[in-house]
Amino acid sequence: MDMKIDEIKLKTKRGMSDSIIALILTIIGLIAVIAVVLFTYGLAGTIPRQEPVEVIGGGTLTGSGSVYNLTVTLRNSGTSDVNITSVWIANMKFVPVNPQSSVLKAGQTQTMTFEIKANSNITFTKQSEYSATIYFNTGLGVPVVVTYN
């Protein structure tokens, strides 16, 4: 009689199916592979180091054709210097002509004037405001309104 009760308990007792266990192990393996790749290529260390940068006020834009000077005040409240890699104005990409002049020092507020160049000529209207975004080597961008003088 004891044998029959034990057999009935075994038949009614269910565990996880093999396919669910295989799925869970596969997910754990994928997470481990992603973590190894991030650490191997140094990407995991850059994620928390993205520095907070903000624009103080608006900016001014001068020049014509494809080369302009952008003057803007930026605050880097982080602990690492950041480089301005590009500026988008009126949906057109501009890149710094002299990358050394586009470094924003850690922990400082700086009024920066740097030369930016577009791939083609663009015409701005005097005393008009344009939406712009300044992008940094951290991958972050900050919006700014620039006035063309």
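Residues numbered from 1 in each chain as written. Predicted model: local features only at pLDDT ≥ 70, side-chain atom pairs only at ≥ 80, totals over all residues. Heavy atoms only, no water.

Caption draft 1: Representation of the overall build of the protein in the model. When helices and strands are counted, the protein shows three helices and eight strands. Going from N to C terminus, the protein has its helices and strands arranged as α-α-α-β-β-β-β-β-β-β-β. Here the contacts in the protein between residues at least 6 apart in sequence split such that 61% fall between residues at least 24 apart. Per element, the accessible surface of the protein, about 9,900 Å² overall, is 59% carbon and sulfur. (Helix = DSSP H or I, 4+ residues; strand = E, 2+ residues; numbered from the N terminus. Contact = heavy atoms within 4.5 Å. Areas by Shrake-Rupley, 256 points an atom, 1.4 Å probe, with all protein chains shown as cover.)

Caption draft 2: Focus on unusual backbone geometry. Despite not being glycine, Ala90 shows a phi value in the positive range, around 50 degrees. As for its placement among the helices and strands, Ala90 is situated in the loop between strand E3 (82-89) and strand E4 (92-96). Residue classification places Ala90 among the partly exposed residues on the basis of a relative accessible area of 38%. (Buried < 20%, exposed > 50% of the residue type's maximum accessible area, 1.4 Å probe, protein only.)

Caption draft 3: The arrangement of the nonpolar core in detail. Among the nonpolar cores identified, the biggest contains 27 residues, and Leu74, Val87, Ile89, Phe94, Ile116, Phe124 and Ile134 are the most heavily contacted of them. Elements that contribute at least two residues to this core include exactly strand E1 (53-64), strand E2 (67-76), E3, strand E6 (109-118), strand E7 (129-136) and strand E8 (141-148). Excluding its chain neighbours within four sequence positions, the residues that come into contact with Ile116 are Leu61, Ser66, Val67, Tyr68, Leu70, Val87, Ile89, Phe94, Val95, Pro96 and Val97. (Core = buried A, V, L, I, M, F, W, Y, C linked by side-chain atoms within 4.5 Å.)

Caption draft 4: Spotlight on the pattern of salt bridges. Summed over the entire model, instances satisfying the criterion amount to two salt bridges. The partner of Glu54 in a salt bridge is Arg75, and the shortest N-O contact between them spans 3.1 Å. Residue Glu54 is located in strand E1, and its partner Arg75 is located in strand E2; the two are separated by 21 residues in the primary sequence. Under the relative-accessibility criterion, Glu54 is labelled partly exposed at 36%. Look at Arg75 and you get partly exposed, because its relative accessible area is 33%. For Asp81, the salt bridge is made with Lys105, and the minimal N-O distance between the two is 3.9 Å. One end of the pair, Asp81, is in the loop between E2 and E3; the other, Lys105, is in the loop between strand E5 (103-104) and E6, and 24 residues separate them in sequence. The exposure class assigned to Lys105 is partly exposed, which follows from its relative accessible area of 39%. (Salt bridge = Lys/Arg side-chain N within 4 Å of Asp/Glu carboxyl O.)

Caption draft 5: Quick look at the environment of Ile89. For Ile89, the location among the structural elements is in strand E3. On the basis of relative accessible area, Ile89 is assigned to the buried category, the value being 0%. Between the C-alpha atoms of Ile89 and Ile134, which are 45 residues apart in sequence, the distance is 8.8 Å.

Caption draft 6: Molecular detail of the side chain of Asn76. Looking at the secondary structure, you find Asn76 in strand E2. A distance of 3.4 Å separates the side chain of Asn76 from the backbone oxygen of Leu104, its partner in a polar contact. (Polar contact = N/O pair within 3.5 Å; in protein donor to acceptor, adjacent residues only side chain to side chain.)

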